[in-house]
Amino acid sequence: MSLVTAESLKSELEMFDIACQNDSALDKMVEQCICNRIQADEIVLEWVAYSSTKNGLKLTVETLEQFDHEILNRKSKSKQASRREETLGRTRDIHSLQELIKAEVEEEDLLNSYSTPAKGSQKRVLTTPEQPQSKRSAALLASPGLLLSPASFSPSPTPSQKYSQRGGKGEVVVSFGLVQGTRWAGRSSLGSGVQLDLLEGPEETLTNSYKFMFQRLRDIRNVLTEKIEELGEGLRSHFNIEEFSPVSLPAQDTITVVGQICCDSNGKLNAHSVLLEAGPEQGGQQIPVDLSELKEYSLFPGQVVVMEGMNTTGRKLVASKLYEGAPLPFFTPQVKMEVDEEPLNILVACGPYTPSDTLTYDPLLDLINVIARDRPDVCLLLGPFVDAKHEQIEKAQVTETFDAIFTRCIESIVDGTKSVGSRLVFVPSQRDIHQHFIYPQPPFTLPNLNKEQAQRVTLVPDPCTLLIDGVTFGLTSTDILFHMGAEEISRGAGSDRFSRILMHMLTQRSYYPLYPPVEEVNMDYEKFQSYGQMPLTPDVLIVPSELRYFIKDVVGCVCVNPGRLTKGQVGGTYGRLLIQRSASGENKRVSPCLAAQVVKI
């Protein structure tokens, strides 16, 4: 196609003795030729035909716009339609088919680059005579309404086969305490007589959402140095240490230093990459640590420790003794509390509440049936309720908003336990896709609950410390066991890794003592300093994890990993506890946890 110019148009118009009023009209015609991909002689012929039907219109910008609207646009559309029909009707050879397939794959890759990353490939399956499309996928593609949404929590057209065929339903896999002859049922006056509150009250607890994603490095440093100073002072008073020495000062005698464990690189911590970072009062410097003389130790990044050793050159500390800290005291009520005749039955479950291959909430329905059967006084339900790691959510195969799915999920729990009257506690998770992705995490908001429902439901942040009938519960839905287990190094400290990690949490007095945190934890350090610390050693610590379920007594604190309600496509586990506080006047503390079990759903 040759280039259309004002001169070529002018010569074509002079051939038909058409006078051009001004240059702007010629420029308009050049623009129309380019936009509609036509030559100068073609547009002049079209104009002659059009102007003759309009009683000899003069060539102006206004009449050309009218001509463009009535004639050229219509011709352009008909030309595109005929070109499309020609393309569809053309016989395709192997090369043209391969070009079409390649173009389609490139289009899919472009779309996938803007979508949420998923575990598997999201490329469209190409249907051929050798690989016909399955009836199920054809039905799903034809009707997106068939994709399950938990609107009614009824089995979908494709319920999880592995979950429905699971074995060992109701089997007790872990027991703790006096479980023989134990009656796992709630009190006669269910729910109403239970005192359930946040330990520190609403003023000192995270109750609302907050602004995040803006942290200054100076503020993070202040939080970390205050942690070193606070825990260092606790260690100094507990072990009767006179004073701490600067870490980088050369000395020929044994010195005592305090600091935070760090790694000398971005890799995983090992025995040869340990650094000790001191607080500002001890110089604020980092120094390598030689652990070869320590017979036993257990260390992780972010741990505040006191070390004794030699630092003759000021460049390396040869540690000879390690002080790892002491836990806080347990809760003691200010007023005398009467001992209840009946123990408190508490159920603990952690999401996800759906199998990984479908969004049916069958495991949650089974849990509601367990609650109706056992009638626990309190149900501690931890997220995720709408799991961000679920395959169908990652691939955007849901037909409702995430908030709507969550609301229906909570409504089913509240309505399903109405006759039982159990108190319900909901703890969010960073895997809840509809909730703020931040740690510490604010509680859920449920504005649609009526007054009767709101009396039974307690919404708490992650993490939090609860006081239930005078017994303290530490709750966190973040998988700190898994995160710390991947970073901790030890030598001669026993084979029970879970007990070591739990002991670290209690001695570091924090629900998440690991620093730096793993990538999937979005930490706000100022809020973490206010709301992520343990105010005391809880009587019961709930730490759900992907790792194996357990119930352990660590320095008097009963630590429970109830597991998750589903593990992939199969059923998981939940926990139950019998709690009864001892008389407040006794000299020796007695654990309020009488018995505990982890049970298969």
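Our subject is the structure that appears above.
All of these numbers come straight from a predicted model, not from anything done at the bench.

Rules used in this analysis
Residues numbered from 1 in each chain as written. Predicted model: local features only at pLDDT ≥ 70, side-chain atom pairs only at ≥ 80, totals over all residues. Heavy atoms only, no water. Helix = DSSP H or I, 4+ residues; strand = E, 2+ residues; numbered from the N terminus. Buried < 20%, exposed > 50% of the residue type's maximum accessible area, 1.4 Å probe, protein only. Contact = heavy atoms within 4.5 Å. Areas by Shrake-Rupley, 256 points an atom, 1.4 Å probe, with all protein chains shown as cover. Pairing = 2+ DSSP bridges. Axes fitted to C-alpha atoms, helices over the stretch in contact; angles between N-to-C directions. Core = buried A, V, L, I, M, F, W, Y, C linked by side-chain atoms within 4.5 Å. Expected span 1.5 Å × (residues − 1). 1 Å grid on protein atoms, 1.4 Å probe; cavity = no way out; pocket = protein on both sides within 12 Å on 5 of 7 lines; lining within 4 Å. Points joined across faces, edges and corners; volume = space filled by probe spheres on them. Salt bridge = Lys/Arg side-chain N within 4 Å of Asp/Glu carboxyl O.

## Considerations on the overall build of the protein chain
When helices and strands are counted, the protein chain shows 15 helices and 22 strands. Every one of the 601 residues in the protein chain was classed for burial, and the buried ones make up 46%. Partitioning the intrachain contacts of the protein chain with sequence separation of at least 6 by distance along the chain shows that 72% fall at a separation of at least 24. Accessible surface computed for the protein chain: about 31200 Å², of which carbon and sulfur atoms make up 50%.

## Brief notes about the sheet that holds strand S13 (residues 464–468)
One key point about sheets: their strands pair by backbone hydrogen bonds, in either a parallel or an antiparallel sense. Across the sheet, which stays open at both edges, the 6 strands sit in the order S2-S13-S14-S16-S18-S17 with mixed pairing between neighbours. Among the strands making up the open sheet, the edge pair consists of strand S2 (196–198) and strand S17 (550–554). Direction aside, neighbouring strands of the sheet carry axes that sit 25° apart on average. Direction of pairing for S17 relative to strand S18 (residues 557–561): antiparallel, over a ladder of 5 bridges. Counterpart to Lys-552 in the pairing with S18 is Cys-559. Contacts between helix H14 (residues 497–508) and the sheet are confined to strand S16 (540–542), S17 and S18, with S17 contributing the most and set at about 55° to the helix.

## A look at the sheet that holds strand S3 (residues 251–263)
One closed barrel accounts for 5 strands, arranged S3-S4-S5-S8-S7; its pairing is mixed. Going from strand to strand, the sheet's axes swing by 55° on average, the running direction of each strand aside. Both strand S5 (residues 286–290) and strand S8 (residues 317–323) contribute to a ladder of 2 bridges, which runs parallel. Along S8, the bridge assignment pairs Val-289 with Leu-317. Sheet contacts for helix H8 (residues 217–238): S3, strand S4 (274–277), strand S7 (304–311) and S8; angle to S7, the most-contacted strand, approximately 75°.

## Re the nonpolar core
Counting residues in hydrophobic clusters, the biggest one holds 33 residues, and the most contacted among them are Leu-367, Leu-381 and Phe-385. In terms of residue count, helix H11 (residues 402–416) provides more of this core than any other element does, 6 residues in total. With residues up to four places along the chain from it excluded, the contact list for Leu-367 reads Leu-347, Ala-349, Tyr-353, Leu-381, Leu-565, Tyr-574 and Ile-601. With 31 residues, the next largest nonpolar core counts Val-194, Phe-473, Tyr-549 and Val-558 among its residues.

## What to know about H11
Across its 15 residues, H11 extends 21 Å between first and last C-alpha, which sits within 8% of the 21 Å expected from 1.5 Å per residue. All of the buried residues in H11 are Ile-405, Phe-406, Cys-409, Ile-410, Ser-412, Ile-413 and Val-414. Check the buried side of H11 and you find it contacts helix H9 (362–374), strand S10 (378–382), strand S11 (423–427), helix H12 (451–456) and strand S12 (457–459).

## Details of empty space enclosed by the protein
Counted according to the given criterion, the structure contains 4 cavities of 30 Å³ or more. Its boundaries defined by the atoms lining it, the largest cavity holds a volume of some 70 Å³. Looking at the largest cavity, the residues that line it are Leu-231, Gly-234, Leu-235, His-238, Phe-239, Val-304, Gly-325, Ala-326, Thr-507, Gln-508 and Arg-509. Looking at the lining of the largest cavity element by element, the count peaks at 4 residues for H8.

## As for the pattern of salt bridges
Pairing between side chains of opposite charge can happen when the charged atoms of each approach one another. Counted by the stated rule, this structure contains 16 salt bridges. A salt bridge links Asp-366 to Arg-166, with the shortest nitrogen-to-oxygen separation between them at 3.2 Å. With Asp-366 in helix H9 and Arg-166 in the loop between helix H7 (161–164) and strand S1 (172–177), this pair connects stretches of sequence that are 200 residues apart. Under the relative-accessibility criterion, Arg-166 is labelled buried at 15%. The shortest N-O distance in the salt bridge between Arg-576 and Asp-374 comes to 3.6 Å. Of this pair, Arg-576 sits in strand S21 (residues 573–579) while Asp-374 sits in helix H9; the two residues are 202 residues apart in sequence, bridging distant segments of the chain. Assigned by exposure class, Arg-576 and Asp-374 land together as buried. Taken together, the shared-partner salt bridges connect Asp-387, Arg-431, Glu-546, Arg-564 and Lys-567 into one network.

## What to know about H8
Helix length check: H8, at 22 residues, gives a terminal C-alpha distance of 32 Å against a target of 32 Å (1.5 Å per residue), a fit within 8%. Among the residues of H8, those classed as buried are Asp-219, Ile-220, Val-223, Leu-224, Thr-225, Ile-228, Leu-231, Gly-232, Gly-234 and Leu-235. The elements touched by buried residues of H8 are S3, S4, S7, S8, H14 and helix H15 (525–531). Within two residues after H8, Asn-240 carries a phi angle of roughly 55°, on the positive side.

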